[in-house]
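One-letter residues, chain by chain:
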Amino acid sequence: MNITAKVWCALFVVACLLAMAIIIGANYFLDPYGYFLNTHYGQNGSEGLSVRNAKIRYIKENPDVYTGFIIGGSRTGALDPALASEYTGLSFYNFCFPQGYQEDYEMLVDFIIARTPVRHIILQLNGQEIGGDDLRVEHLYALDSKVSSKIAELATVLLYGCSVNLLNFILRRPTYIPRVQSNGMIEYIGHYSPAEAANLGFVEKTVTPDFQSLYQRIFSEKTAYDFPIMEFCFESLSRIREKCAMNDVKLTVLLAPSSVYVLAHTESPLYWDYLRNLAAITAFYNFNGYAPYNFNPYNFVDNAHYRKEMGDKMLRIVFNQEEAVDDWGVLLSKDNIGVYLERRKARYFALKKSYEEQGIIPLGTMNGAGFIPVEAAVEGAW
């Protein structure tokens, strides 16, 4: 039987429509990203649109609840707003975004200053913003309230690839997803089963090998092409500083802990210039560098995100509840950045020499230097 070209075309169109219907149906009914939740928590902490919309919508609807905000990318999710509230007497919310970038931070500062009685903003830079990011979150309906944005955003969410989620649902396989908590936190240790999270059993399987495979890249040459938006980041941070000053908002800037992964992608003379320019714009608490905390894979849940216990330690240092040790958490400014950079360069070249001679950089263990103990899990976190 001969099938005409028209019939083949019709069959192809029907097949495409059926495939789209399956994808849309799975994404709507399974809602793996929590996009259709009517709360500001519970969304998939790895998916940017859902988290951004839920948090922005929540603050728009509840503008007077918080007077302090923690802003940053996904690594900021481990900073506990309850601690910041305890140390300042303000009411803090963690306004982190997955896949954050500099434009995110400035947009959020503008939004928060315009809509809330904010008195204190804690801004954590991950140190890699200068590397640029092709991701640009468009059609952010909760921010611009345009119908066209809502339609474009809805189409994006409903047409996400769903094969893995659908297969897990059919096979009833357990999945572990970091979820947005009611206080805005996202703890990426949620990628693992509760048993693995409790004893850090995932580290030897995933984090340590990743660190070992990357540390030689710490010493690789980086060029200006690796940091294409460095100047934009400086300009944006300067604007953020001025906006906070004009509106009587205290701004505290942190530079996040640098895992081996982060150092492998950034460490270089150009990055030292970045740190110097950063300090010229505003003082910042520096958790980036060669302290044992950053070379202990057991403090991390993957190649970049750190555990909540590390975040708690950072906040204790920032709010003078604990002393900075080994340049981890030291407050850097234009007055002391030069001396700090000399110490950093000395450690860099010493580590480079050791690696060239021995071919290895020792990493920390659960019994070694720099390990931050695990706290007991709290039931019903969100």
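Every value quoted in this text rests on a predicted model; they were computed, and no experiment measured them.

Draft legend 1. Highlighting the side chain of Q102. Mapping Q102 onto the fold places it in helix α4 (residues 102-115). Q102 gets classed as buried once you look at its relative accessible area, which sits at 3%. One polar contact links Q102 to S236, side chain to side chain, over a distance of 3.1 Å. Ignoring anything within four residues of it in the chain, the contact list for Q102 reads L125, E129, F232, C233, S236, L237 and I240.

Draft legend 2. Region of the structure containing the nonpolar core. Grouped together as the largest cluster of nonpolar side chains are 101 residues, with contacts concentrated most on I71, F95, I218 and Y274. By residue number, the principal contributor to this core is helix α12 (residues 269-281), which donates seven residues. Leave out the neighbours within four places in its chain, and I218 touches V260, L263, A264, E267, Y290, F295 and Y348.

Draft legend 3. A look at the sheet that holds strand β1 (residues 68-72). Spatially, β2-β1-β3-β4-β5-β6 is the arrangement adopted by the six strands of the open sheet, whose pairing is mixed. Taken across any chain shown, the strands that pair with only one partner, and hence form the sheet edges, are β2 (92-96) and β6 (330-332). The mean inter-strand angle of the sheet, taken between neighbouring strand axes irrespective of direction, is 25°. As defined by bridge partners, strand β4 (residues 250-255) adjoins strand β5 (residues 284-286) across two bridges and the pair is classed as parallel. From the neighbouring strand, L255 faces β5, where its bridge partner is N286. Sheet strands in contact with helix α2 (residues 48-61) are β1 and β2, and its direction is about 150° off that of β2.

Draft legend 4. Seen up close, helix α9 (residues 203-214). Along its 12 residues, α9 runs 15 Å from first to last C-alpha, staying within 8% of the 16 Å computed at 1.5 Å per residue. The complete set of buried residues in α9 reads V203, V207, T208, F211 and L214. The buried residues of α9 occupy an angular sector of 135° when projected down its axis, which confines them to one face. Here the buried face of α9 lies against α11 (260-266).

The rules behind each value
- Residues numbered from 1 in each chain as written.
- Predicted model: local features only at pLDDT ≥ 70, side-chain atom pairs only at ≥ 80, totals over all residues.
- Heavy atoms only, no water.
- Helix = DSSP H or I, 4+ residues; strand = E, 2+ residues; numbered from the N terminus.
- Buried < 20%, exposed > 50% of the residue type's maximum accessible area, 1.4 Å probe, protein only.
- Polar contact = N/O pair within 3.5 Å; in protein donor to acceptor, adjacent residues only side chain to side chain.
- Contact = heavy atoms within 4.5 Å.
- Core = buried A, V, L, I, M, F, W, Y, C linked by side-chain atoms within 4.5 Å.
- Pairing = 2+ DSSP bridges.
- Axes fitted to C-alpha atoms, helices over the stretch in contact; angles between N-to-C directions.
- Expected span 1.5 Å × (residues − 1).
- Arc of directions from axis to C-beta.

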